[in-house]
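# Results of the structural survey
Take a look at the letters that make up each chain.
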Amino acid sequence: MLQAIGVASIDDLFMSIPPALRLKKKLDLPLHLTEMELKDEFQRLSTQNLSSGKLDIYLGAGVYDHYSPSVIRHLLNRSEFYTSYTPYQPEMTQGVLQAIFEYQSCICGLTGMDVSNASLYEGGHAMAEACLMAKAKTGRNRIVLSAGTHPEYVQVLKTYTFNLETEVVLAPLAADGKTDLKALQALVDEKTAAVVVSNPNFFGVLEDGQAFADAAHAKGALCIAVVEPVSLALVKSPGEFGADIACGEGQSLGISPSFGGPYLGFLAAKMALVRQMPGRICGQTTDNRGQRGFVLTLQTREQHIRREKANSNICTNQTLLAIAATIYLGAVGPQGLTEVATQGAQKAHYLAGELAKIKGVKLSYSGAWMNEFTVDLGKDSGPVLDALQAKGILGGVALSRFYPERKNEILVAVTEVKKKAQLDKYAAALKEVLA
């Protein structure tokens, strides 16, 4: 083989790598194992993991411990779903197209928007694409976001717009945890393409979406709402408070946390923005016999249309996750989703009240919130969370992970799966750790 390609030795193939960077000894790998030995080794390694089924989880910050009905996995295991890809041939993929159409209908119903695409990769990606839509529609380059936006979403947006001459500006929070509306209004000008509101915001506080929409529209900008879908069973939808685009993370719709993904980014908008939407839109039509059928109605990727008119290079999505969310919404129904949201909110407020009774502990913000809240422990949260984990409790997300100066604070999320005994256990454990 070396002779055929014209080199003297294997080493010649790596001449472009500086000698100092080359490995000069054999790889430190164990001897080969039989299949049975390998299985035993993996079993041994797996025992070092902490199973979520054995822990009380209060983590949130965009990923939540909701119950996933068994019907979801049962239906997703059908081969026509889990082996599907972009349905370019509608006559062969009516089932998948209909499933995506139903997903889009569900998202429009939740958000109060006119049209939804076939989903995106995750929430941060959806927000970034929404901002690109606003830039394309308005011809402007300024994006104003609340400081209550998920910090990782802001990072994704800055990455997406790095070479697009885009100014990303954050409006500060007021003492109650809501965005300072006067400061927000001062930042929105005639160069602003979009004003972005997260509701609830990263710290769990509910924002005044109508005020964001009014501030955007007063200067000819678009209003983008980043929303948590379960909360929409109880709070005003983006369509109701005047947003032009709605987006967010759909993981809470029956999708497992799964070590951080894969997840589901949803994106919906008013009909006037349909041609700025990235990805694909599935539509319903009739065939030459008058029978109902489903097709790809719009595809705005450069592969399908002229490159200069393309809105995004996104051509695909994780359809399996979109179908999972559709099955979840179909299984729980409107009343069930309201129950999920109500239980999470009520249990979270109960826990917050119990934690606030502990000496040195206080809620960081006074603004109204749903099922997630920010707590100041009065001391470094790192050792406290470690001590709680030793007791089988993942007590929350340390805010110092995103904001180094906030080392005493944690973000706590409660969902419908928690029982009162678990909430009382958490409060008692935290009191003991802080004593």
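Rules used in this analysis
- Residues numbered from 1 in each chain as written.
- Predicted model: local features only at pLDDT ≥ 70, side-chain atom pairs only at ≥ 80, totals over all residues.
- Heavy atoms only, no water.
- Pairing = 2+ DSSP bridges.
- Helix = DSSP H or I, 4+ residues; strand = E, 2+ residues; numbered from the N terminus.
- Contact = heavy atoms within 4.5 Å.
- Axes fitted to C-alpha atoms, helices over the stretch in contact; angles between N-to-C directions.
- Buried < 20%, exposed > 50% of the residue type's maximum accessible area, 1.4 Å probe, protein only.
- Right-handed = clockwise from strand over helix to strand, strands pointing away.
- Core = buried A, V, L, I, M, F, W, Y, C linked by side-chain atoms within 4.5 Å.
- Parallel < 35°, antiparallel > 145°, perpendicular 65-115°, else oblique.
- Left-handed = near helix turned anticlockwise from the far one by under 90°.

### Some remarks on the sheet that holds strand β11 (residues 362–363)
- If you walk across this open sheet you meet the four strands as β11-β12-β15-β14, and the pairing is antiparallel. Whereas interior strands pair on both sides, the edge strands pair on one side only; in this sheet they are β11 and β14 (397–398).
- Bridge count between β11 and strand β12 (residues 372–376): two bridges; the pairing is antiparallel. Within β12, the position partnered with L363 by the bridge is V375.
- Strands β11, β12 and β15 (409–413) of the sheet are contacted by helix α11 (residues 319–356), whose axis makes an angle of about 10 degrees with β12.

### Re the pairing of strand β3 (residues 142–146)
- With five of five residues buried, β3 is to be regarded as a mostly interior element.
- Residues R142, V144 and S146 point to one face of β3 and I143 and L145 to the other, with burial holding for every one of them.
- Where β3 lies against strand β4 (residues 167–171), five bridges are found, and the strand directions are parallel. Looking at the pairing, R142 lines up with E167 of β4.
- You can see the chain leave β3, run along helix α7 (residues 151–160) and come back into β4, and the turn it takes is right-handed.
- Judged from the four bridges that link them, β3 and strand β5 (residues 192–199) form a sheet pairing that is parallel. By the bridge assignment, L145 is partnered in β5 with V196.

### Describing the environment of G95
- Within the fold, G95 resides in helix α5 (residues 94–111).
- Note on G95: relative accessible area 48%, which makes it partly exposed.
- Note: C-alpha distance between G95 and G293 (198 residues apart in sequence) is 9.8 Å.

### Description of the nonpolar core
- In terms of nonpolar packing, the biggest core is built from 47 residues, with L184, C223, L253, L264 and Y328 touching the most fellow members.
- Listing elements by their share of this core, those giving two or more residues are α3 (70–76), α5, β5, α9 (209–218), β6 (222–227), β8 (265–269) and α11.
- The element that contributes the greatest number of residues to this core is α11, accounting for 11 residues.
- Counting residues in hydrophobic clusters, the runner-up holds 29 residues, among them Y153, I224, V226 and V274.

### A closer look at the environment of T83
- Tracing the backbone through its elements, the reader meets T83 in the loop between α4 (79–82) and α5.
- Distance from T83 to Q346, taken between C-alpha atoms, is 40 Å for residues 263 residues apart in sequence.

### What to know about the packing of α11 against helix α13 (residues 420–434)
- Running from N to C, α11 and α13 point in directions that differ by 25 degrees, and their axes come no closer than 9 Å. In terms of orientation, α11 lies roughly parallel with respect to α13. Where α11 crosses over α13, the two elements pack in a sense that is right-handed. When α11 is examined against α13, the residues K347, Y350, L351, E354 and L355 are found in contact with a partner set consisting of K420, L423, D424, Y426, A427 and L430.

Purely geometric stuff here, so don't read any function into it on its own.
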